[in-house]
Amino acid sequence: MKQAIYGLLLYVFLMLPPVVTLLESIMSFHMHMQMPLLIIAGLLMTPFLQKKFPRLFEKWNQNGVPGILLFTIIMIYWMFPRTMDEALTIQAVQVFKFISLPFLAGVPLRDSWRKLGGFGKNVIYVSFSIMFGFMGILYVFSESQLCNNYLIVEQKTLGWGFIALAVCIIIYFIQLLFIDESEYE
Amino acid sequence: MAAKKVFKEKTNKALGVNPDDARLTLTYFSLAFIILFIGGTLGLLQGLNRAGLLELPAWFNYYQVLTAHGILLILIFTALFMVGYFYAALSHTLGGLIPVVRKMGWTALGLMLIGTAFVVTTIVMDEATVLYTFYPPMQASPWFYIGLVFIVLGVWAATIGVFTSAASWKKRNKGEHLPLLAFFAVGAFLLLFFGSIGVTIEVLTLIPWAFGWTETVNVMLSRTLFWSFGHTLVNVWYFTAISAWYVIVPRIIGGRLFSDTLTRVVVVLLVILNVPGGFHHQIIDPGFTEGLKFMHVFMSLSIAFPSLMTAFAMFAVFERTGRKKGAKGLFGWVKKLPWGDVRFLAPMIAMIAFIPAGAGGIAQTNNQLNQVVHNTLWVTGHFHLTVGTTVVLTFFGIMYWLIPYLSKRELTPKINKLGIIQTITWAVGMLFMSGAMHWVGLLGSPRRTSYTTYGDNATALSWDPYLFFLAIGGTLLFIGGGLMIYIVFHLMFKAPKGDTAFPIAEPEDGASPTPKWTERWGLWVVLAIAVISMGYLVPIVDLIFNAPPGSPPFRTW
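**Comments concerning the overall build of chain B**
On a plain count of helices and strands, chain B comes out with 18 helices and zero strands. Taking 2.2 N^0.38 as the reference for a compact globule, 557 residues should give roughly 24 Å; the C-alpha atoms of chain B span a radius of gyration of 23 Å, in line with that estimate. Taken over the C-alpha atoms alone, chain B extends approximately 65 × 50 × 45 Å along its principal axes. For chain B, long-range pairs separated by at least 24 residues make up 86% of all intrachain contacts whose partners lie at least 6 apart in sequence. Carbon and sulfur atoms form 71% of the exposed surface of chain B, whose accessible area is close to 21,700 Å².

Here it is in C-alpha cells:
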C-alpha cells in the first residue's frame, strides 16, 4: 500500500506543469527520464492493482507472456521519433503517454516479471539491448533531424544514452550468466 | 584445501596479523607519512607567504609550492593511506591476503612511486606549475601527465587486488555476507575506479597535446572530465573515513554496530550516487545551461542524504552506548564517552568538524551562493575542514591502534597523552586556519593567489589580519603534523612490544539479519553506470559536438 502511494505521488509529481516543461525541454530527459519515471510510477502502483483486480491479472496474464508483449509493444511505440513529436504537439497523444507508460507498460512489466521463466527474462534482456543499441546507432549516425522538436545535437546525445543503456543491460545480463547469485545466498 | 583455508583464517585471528601483510601496510603508511611531512612543510611555507611574512625564492615560487602541496597531500598521501588501510582491513577480516593480492599491493606501490617521481620532478623543475587541478589550457611538461597516468595505474592495480580478495573470499565462504569492513573496501575502490575513468580520458588527451602532436585542446571538456574525478575522490576519502566511524569507533567506545543493513545501504548509495556530483565544482563555468547545473546540484545534494544517515547512526550509537553505561538525562551520555582515549577523540573531533564542513558544502552547491564564494579562500577553507580535519583526523585516529596492531606493539598512556595533544593542536590549528579562510573568503580574498596588496588597495589591506590568523593556524598544523609523524614512527619501531586488537564492532544482540540483496554488486555497478551516464551524457555530447575551436597551450609562469 505504501508503495502504491509513493507511485501515485510520483505520478502526480510528473504531471505538474513545471516538471513536464523541464523534463520535455531536453530530448534525453524526455525519453530517458520522464518516460522511465512514468513506468516506475506504474511499477510501484502494481501491487495495489493486483490486490484490487486479482481476477483480471489471472485471466489475462496467466503465464506473463501477454503482459510482457503489451509492455514491449508500448515501449516500441514510444521509441518512434514521431510519437515523441506528437506527444509535444497533440494533447491527446500526451494524455496517452501518461496513461500508457505507467498502466500499459509499468503494470504489466511487474506483473509478468515474476511469472516469466529464466528463458523469457533472457529473451527480454537480449532483445532490449539489441533494440536500444540499434536505436543508439540510429540516433547517433542519422544525418537528418528525426524529431521536429529537438536539435540534432540532442538527438546524438540521446543516441549515446541509448548505447549506454544497452551496455548497462548487457553488463547486467553477462554478470547474471557468470555469477550464480544462488551460490552466494 | 578448504579446511586448510579455514585453519589459516582461525590462526590468523588468534595470532594476529600475517607478517607479510603487515610489512605491506606499514610500508604504505611510512611513505604516506613522509609525504605528509613534505606536503605539510610546503603548506606552512604557503601559509606564511599568504600572510605576507615570507617571500619565497624565484626558483621555488608560491605556485610551485601550491601545486606540490596539493598533489602530494590530496592525491598521493590519501591514496597511499587508503590502500594501506584497506589492505590491512582485508587481511584481518578475510583471514590474510592471498599471495596474488599481496603482489598487486606491491605492484600498486611501485607504480604510484614511479608516478610520484615524475610528477614531483617536473614540478620542482618548474615545468608543471599548473596547480593540482592542472586545468588546460595551462600546459605542463608531458612527463607530468605521464606521471599522473602511472599513479592512476597504481590505483587500478590496488583496486584489482581488492576485488580479487573479495571474490576469492566469497568463493570460499558461500552464502555469507562479506565482512563489513571488506564491504567498505569494495565500495570505496569501486567508486575510485569509476571516478578515475574520466580523468584518465582527460590525461590521455592532454599527453599528445603536451608533446605537440595535437595543436589544441577542448578546455571545457577537460575540466568536466577532471571534476568527474575530483569530486569523487573527495568522497572516496570520506568513504574511507566513515568505514572507521561505522565499524571501529563503536567498538572503541564499548558499543555495538548501529545496523549492519543501514551501513551497507549507505555504502551502496555512496557508490551509485557519487560521480555526477562533480559538476557543482563547475557551477560558474560558462558553456552549460542552467537546467544541467540544476540537475547536478540535485545529484550533489543527493549525496548529502547518506551522509545525514551516517550522522544519525553515529550519534545513535553514542547515545545507546552511553545509556548502557548508565547515563541519565537528555545529554548525560556525552559524559560517558571516552574523551581521554585518543582512538576515540580524534575521529570524534573529525565527526564534529564534519557538521560545519558538510553544511558549508551544501551552501556552496547552490548556484547563487557559489557565485559569491567560488574563487575565494572560502573554498580553500571548506576543503581544509572536510579533508584536512574530517578525513585526516580520522586517519590519524586509525593510526593509534592499527600501527601497534601491525607492528605487534602497544599504545602506551604516554603516547595516548601525546596523541591527545596532537589532536587538539591539529584541531585548533585548523579552526584558526580554516576559520580565517572562510571569513576572509567572504570578504573577497581570492584563492590560488600568492600574497599581494594589489597596490596597497584598502580592501586588500583589510584582509591582512585574517591572513595572519591563517598563518598562525598553519604553524600550529605544522607542529601537529610533526607530532603525528613522530607518533607514527614511534609506534612502528619504538613502542613496547605487546598485543593490540583490531577493533571491529559486533552487531547488537538480536539484530535483524542483513538481507541478501545488499550483496548484489552486479546490480550496483549497473545502476552506478546508469547514473553516471545520466549525469554526463548530455553535457559531454554537447561539449564535443558544439565545441569552440580548441585552445593552444599557455604557460602562465
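**Quick word on a nonpolar patch on the surface**
Together, B:Leu53, B:Ile424, B:Val428, B:Phe432, B:Phe468, B:Phe469 and B:Ile472 line one region of the surface with nonpolar side chains, adding up to about 590 Å² of accessible area. Relative to the elements of secondary structure, B:Phe432 occurs in helix α15 (residues 413-442).

**What about unusual backbone geometry?**
Residues and elements named next belong to chain B. In the segment running from Pro 136 into Pro 137, the intervening peptide bond is cis, with an omega of 10°. Mapped onto the fold, Pro 137 is located in the loop between α4 (99-124) and α5 (142-172). Positive phi, close to 55°, is recorded for Lys 408, a residue that is not glycine. Tracing the sequence through the fold places Lys 408 in the loop between α14 (377-407) and α15. Taking relative accessible area as the criterion, Lys 408 reaches 33% and is therefore assigned partly exposed. Of note, the phi angle at Tyr 454 is positive, near 50°, even though the residue is not glycine. On the secondary structure map, Tyr 454 appears in the loop between α15 and α16 (458-462).

**Points about the packing of aromatic side chains**
Pairs of aromatic rings are described using the distance from one ring centre to the other and the angle between the two planes. Scanning all chains against the criterion turns up 55 aromatic pairs over all chains. Taken together, a centroid distance of 5.8 Å and an interplanar angle of 80° make the contact between A:Trp113 and A:Tyr125 edge-to-face. Residue A:Trp113 is located in helix α7 (residues 91-115), and its partner A:Tyr125 is located in helix α8 (residues 118-141); the two are separated by 12 residues in the primary sequence. Seen from their ring centres, B:Phe226 and B:Trp227 are 4.9 Å apart, and the 85° between their planes marks the pair as edge-to-face. Note on accessibility: B:Phe226 and B:Trp227 belong to one class, buried. Pairwise contacts between aromatic rings join B:Phe29, B:Phe33, B:Phe77, B:Phe81, B:Tyr85, B:Phe86, B:Phe189, B:Phe395, B:Phe396 and B:Trp426 into one cluster. A cation over a ring is seen here: B:Arg223 above B:Tyr135, with NZ or CZ 4.0 Å from the ring centre. The lysine or arginine in question, B:Arg264, covers the ring of B:Phe183, its NZ or CZ lying 4.8 Å from the ring centre.

**Regarding the nonpolar core**
Across soluble globular proteins, nonpolar side chains show a tendency to be buried alongside one another. All names here are of chain B. Counting 231 residues, the largest nonpolar core has Phe 33, Tyr 85, Phe 134, Phe 144, Tyr 145, Phe 318 and Leu 402 as the members making the most contacts within it. By residue number, the principal contributor to this core is helix α3 (residues 62-93), which donates 22 residues. Sequence-distant contacts of Leu 402, that is, excluding residues within four places in its chain, are made with Phe 29, Tyr 85, Ala 88 and Phe 502.

**Observations concerning the packing of α14(B) against α15(B)**
Residue and element names in this part refer to chain B. Between α14 and α15, the least distance of the axes is 7 Å, while the angle of their chain directions is 170°. Classified by the angle their axes make, α14 and α15 are roughly antiparallel. The two elements α14 and α15 cross, and the hand of that crossing is left-handed.

**Describing the interface of chain A and chain B**
Between chain A and chain B, the contact holds 18 residues from the first and 20 residues from the second. Interface area, chain A with chain B, both sides summed: about 2,000 Å², of which 78% is carbon and sulfur. At the surface where chain A touches chain B, the tally comes to zero salt bridges. On inspection of chain A and its partner chain B, the count reaches one residue pair in polar contact (both at pLDDT 80 or more). Contributing elements (two or more residues each) for the side of chain A that touches chain B: α3 (27-52), α9 (152-178) and α10 (181-184) of chain A. With 10 residues, the top contributor of residues to the side of chain A that touches chain B is α9(A). By residue class, the composition of the side of chain A that touches chain B is 10 nonpolar, four polar and four charged.

**A word on the UniProt feature "transmembrane region" (unreviewed entry) in chain A**
Residue and element names in this part refer to chain A. According to UniProt, the "transmembrane region" (unreviewed entry) feature falls on residues 32-49, 61-80, 92-110, 122-141 and 161-179. As a span, residues 32-49 carries 100% helix and 0% strand, and end to end its C-alpha atoms are 26 Å apart. Taken end to end, residues 122-141 is 100% helix and 0% strand, and its first and last C-alpha atoms sit 28 Å apart.

**Description of a positive patch on the surface**
All names here are of chain B. On the surface, a cluster of positive charge is made up of Lys 325, Lys 328, Lys 335 and Lys 336. Mapped onto the elements of the fold, Lys 325 is located in the loop between α10 (290-324) and α11 (332-336). Lys 325 gets classed as partly exposed once you look at its relative accessible area, which sits at 43%.

**Here's the deal with the packing of α3(B) against α4(B)**
Between two packed helices, both the angle of their axes relative to each other and the distance between the axes serve to describe the pair. All names here are of chain B. At their nearest, the axes of α3 and α4 sit 11 Å apart, and the two run at 175° to each other. Comparing the axis directions of α3 and α4 gives the class roughly antiparallel. Judged by residue contacts, Gln 64, Thr 67, Ala 68, Ile 71, Leu 72, Ile 76, Ala 79, Leu 80, Val 83 and Tyr 87 of α3 engage Val 101, Met 104, Gly 105, Leu 109, Met 112, Thr 116, Val 119, Val 120, Ile 123 and Val 124 from α4.

Reading the values: rules and limits
Residues numbered from 1 in each chain as written. Chains lettered and ligands numbered in written order. Predicted model: local features only at pLDDT ≥ 70, side-chain atom pairs only at ≥ 80, totals over all residues. Heavy atoms only, no water. Helix = DSSP H or I, 4+ residues; strand = E, 2+ residues; numbered from the N terminus. Rg over C-alpha atoms; globule rule 2.2 N^0.38 Å. Contact = heavy atoms within 4.5 Å. Areas by Shrake-Rupley, 256 points an atom, 1.4 Å probe, with all protein chains shown as cover. Patch = residues over 30% accessible without salt bridge, like charges linked within 9 Å, V, L, I, M, F, W, Y side chains within 5 Å. Salt bridge = Lys/Arg side-chain N within 4 Å of Asp/Glu carboxyl O. Buried < 20%, exposed > 50% of the residue type's maximum accessible area, 1.4 Å probe, protein only. Phe/Tyr/Trp six-rings, centres within 6.5 Å; stacked < 30°, edge-to-face > 60°. Lys NZ or Arg CZ within 6 Å of the ring centre and 35° of its normal. Core = buried A, V, L, I, M, F, W, Y, C linked by side-chain atoms within 4.5 Å. Axes fitted to C-alpha atoms, helices over the stretch in contact; angles between N-to-C directions. Parallel < 35°, antiparallel > 145°, perpendicular 65-115°, else oblique. Left-handed = near helix turned anticlockwise from the far one by under 90°. Buried area = accessible area lost by both parts, 1.4 Å probe. Polar contact = N/O pair within 3.5 Å; in protein donor to acceptor, adjacent residues only side chain to side chain. Nonpolar A, V, L, I, M, F, W, Y, C, P; charged D, E, K, R; others polar. UniProt positions renumbered as here; feature names shortened; annotations may be inferred. Lys, Arg positive; Asp, Glu negative; His and termini not counted. Charge placed at Lys NZ, Arg CZ, Asp CG, Glu CD.

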